Amino acid sequence: MKIEEISAPGWHKIVHITDGETGLDSIVSVHDATLGPACGGCRVFPYQSFEAGLEDVKNLSRGMTYKNALGGIPFGGGKAIVFADPKKDKSTAMLKALGRAIDTLEGLYYTAEDSGMSEADIQTIREETSYAAGMANNGVGGNPSPFTARGVWRGIQAAVRHKFNTDDLTGKSVSILGVGAVGMALAEHLHGSGAKLIVADVNKNSVREAIDRFGAVEVAPAQAHAADVDIFAPCALGGSINADTVHDIKASIIAGAANNQLKTPDMDQILKSKDILYAPDYVINAAGVISVGLEILGEWSHDDLNQRIDKIGDTLTSIFERAQREDRPTGSVADQLAMEVISKP
Ligand code: NAD
């Protein structure tokens, strides 16, 4: 196995891991370790090029720095990627090699699930290193999606309070793009709160389930952002707010689980100029990593976790209020708040 450091100004440490025997080709990126060891998931994806993967893991690890700081857990930001198609290239031997590589970092980086990686895969990695988390154990921790969904629901409540001056979601309409692990659980919370749901997914079975369980109405994935609703909740892939979609958005709130919702940084200002309240993605979707962080610290309990998740709403409220006071976009205010947490002695 070969582990080579890649120099990247502004990043704490980036290593490129290759292992001819198992076909492992991976990058671990630690953006910042001021608050503690870096923590963030591992994504398995067939990137078009090494540069595309490097760019993604750098951005994702920086996002984790901000997410962990505002999520109130003592962890820095890190992320790993594996250049592979999760459906056909992943093997036990490859995952074990990744575990051994992570172990050589001696606790600088803790890995967890991300897209293309399952809880069982994390168990396999864990056979080679203790620096892996997100596994259910005697009712502790495990699959972060239900926690993430609860955090997004709390975040939507905070956004509705700020925008419409009410705590009541009854009759509020929400367009959910992607009713997967998080989106479906979010739909359940919203339905329970009396919201009206519009759902879109490339997976027709998921759409059918949302219609049957929550009386949702279907919309085509390409039209979910343009639905005539109060809230647009992107819960599929990143980049759904972009130059092609932003001017069609009719919702007055954007609040969902997807990472990297804004395709380009200028979207933050454009949303502000259109008077659309944007709940910064890494703030509203932090509950999953908060759970993983508590699991690593050996401090996981349902009550503590739920209290921390419910605080996501308060964090968003303070971002919304500061953005309003300072006449700035919410995303830039969130970045600044996160930097303030990190630079505190
Ligand atoms: P998931 O794979 O379970 O669900 C994603 C859903 O989106 C699937 O149902 C899929 O069919 C659908 N989808 C994919 N591409 C689509 C498209 N082009 N149009 C419409 N639907 C499409 O993933 P998840 O765990 O629910 O995560 C959803 C998002 O939230 C991802 O961006 C993820 O990075 C982010 N996120 C998840 C967590 C977590 O705890 N799972 C935490 C933080 C952030």
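Residues numbered from 1 in each chain as written. Predicted model: local features only at pLDDT ≥ 70, side-chain atom pairs only at ≥ 80, totals over all residues. Heavy atoms only, no water.

### Looking at the packing of aromatic side chains
Evaluation of the coordinates by the stated rule reveals 7 aromatic pairs. Ring geometry for tyrosine 47 versus phenylalanine 83: centroids 5.7 Å apart, planes at 65 degrees, classification edge-to-face. Taken together, the residues span a long stretch of sequence, with tyrosine 47 in the loop between β5 (42-45) and α1 (50-70) and phenylalanine 83 in strand β6 (residues 76-83) at a distance of 36 residues. Here tyrosine 47 matches phenylalanine 83 in class, with each residue buried. Here tyrosine 66 and tyrosine 282 contribute two aromatic rings whose centre-to-centre distance is 5.6 Å and whose plane-to-plane angle is 45 degrees, an arrangement assigned as tilted. With a gap of 216 residues between them, tyrosine 66 in helix α1 and tyrosine 282 in helix α8 (residues 281-284) connect regions that are remote in the sequence. Overall, tyrosine 282 belongs to the buried group, its relative accessible area being 10%. A connected cluster of aromatic rings, assembled from ring pairs, spans Phe45, Tyr47, Phe50 and Phe83. Here lysine 58 stacks its cationic end above the ring of tryptophan 11, 4.7 Å away from the centre of that ring. Of note, lysine 172 hangs over the ring of phenylalanine 164, and the distance from its end group to the ring centre comes to 4.9 Å. (Phe/Tyr/Trp six-rings, centres within 6.5 Å; stacked < 30°, edge-to-face > 60°. Helix = DSSP H or I, 4+ residues; strand = E, 2+ residues; numbered from the N terminus. Buried < 20%, exposed > 50% of the residue type's maximum accessible area, 1.4 Å probe, protein only. Lys NZ or Arg CZ within 6 Å of the ring centre and 35° of its normal.)

### Looking at empty space enclosed by the protein
Summed over all chains, the structure comprises 1 cavity of 30 Å³ or more. As for the largest cavity, its lining consists of Lys67, Leu70, Gly71, Tyr282, Val283, Ala286, Ile312 and Thr315. For the lining of the largest cavity, the elements supplying multiple residues, two or more each, are α1, α8 and α10 (302-326). Here the residues of the lining of the largest cavity sort into 5 nonpolar, 2 polar and 1 charged. Taken domain by domain, the lining of the largest cavity gets at least three of its residues from each of domain 1 (2-126) and domain 2 (145-287 + 299-303 + 312-343). (1 Å grid on protein atoms, 1.4 Å probe; cavity = no way out; pocket = protein on both sides within 12 Å on 5 of 7 lines; lining within 4 Å. Points joined across faces, edges and corners; volume = space filled by probe spheres on them. Nonpolar A, V, L, I, M, F, W, Y, C, P; charged D, E, K, R; others polar. Domains from an automatic or database assignment.)

### Description of the sheet that holds strand β9 (residues 196-200)
The strand order β10-β9-β8-β11-β12-β13 describes an open sheet built from 6 strands, whose pairing is parallel. A single partner strand is all that each edge strand has here, and the edge strands are β10 (217-218) and β13 (277-278). Looking at chain direction, strand β8 (residues 173-177) and strand β11 (residues 231-234) are connected through 4 bridges and run parallel. By the bridge assignment for β11, valine 174 is matched with isoleucine 231. The strands touched by helix α6 (residues 204-214) are β9 and β10; relative to β9, the strand with the most contacts, the crossing angle is about 170 degrees. (Pairing = 2+ DSSP bridges. Contact = heavy atoms within 4.5 Å. Axes fitted to C-alpha atoms, helices over the stretch in contact; angles between N-to-C directions.)

### A look at the environment of serine 291
Secondary-structure assignment places serine 291 in helix α9 (residues 287-297). Separated by 104 residues in the primary sequence, serine 291 and alanine 187 place their C-alpha atoms 21 Å from one another. Apart from residues lying up to four places away in sequence, serine 291 is in contact with Gly141, Phe147, Trp300 and Leu305.

### Points about the state of the cysteines
As used here, a disulfide is simply a covalent bond connecting the sulfur atoms of two cysteines. Across all of its chains, the model carries 0 disulfides by this definition. Lacking any disulfide linkage, cysteine 39 is separated from the closest cysteine sulfur, that of cysteine 42, by 12 Å. The class of cysteine 42 is buried, set by a relative accessible area of 0%. (Disulfide = S-S within 2.5 Å.)

### A few points about unusual backbone geometry
Not every positive phi belongs to a glycine, and asparagine 165 is a case in point at roughly 60 degrees. With respect to the helices and strands, asparagine 165 occurs in the loop between α4 (145-164) and β8. Exposure remark for asparagine 165: the relative accessible area of 73% places this residue in the exposed category. Non-glycine residue asparagine 260 carries a positive phi angle of around 50 degrees.

### Regarding helix α3 (residues 119-126)
Counting along an α-helix, one turn takes 3.6 residues, and residues three or four places apart therefore face a common direction. Within α3, burial applies to Asp121, Ile122, Thr124 and Ile125. What you see down the axis of α3 is that its buried residues fit within an arc of 155 degrees, all on one side. Residues of α3 that are buried make contact with α2 (92-104). (Arc of directions from axis to C-beta.)

### Considering the domain arrangement of the protein
In terms of domains, the protein is made up of domain 1 (2-126) and domain 2 (145-287 + 299-303 + 312-343). Using C-alpha coordinates to define each centre, domain 1 is positioned 26 Å away from domain 2. Taken together, the contact pairs 11 residues of domain 1 with 15 residues of domain 2. Looking only at domain 1, the three residues that lose the most surface to domain 2 are Tyr66, Lys67 and Leu70, adding up to 60% of its buried area. Along the contact surface separating domain 1 from domain 2 lie 0 salt bridges. At the surface where domain 1 touches domain 2, the tally comes to 2 residue pairs in polar contact (both at pLDDT 80 or more). (Buried area = accessible area lost by both parts, 1.4 Å probe. Salt bridge = Lys/Arg side-chain N within 4 Å of Asp/Glu carboxyl O. Polar contact = N/O pair within 3.5 Å; in protein donor to acceptor, adjacent residues only side chain to side chain.)

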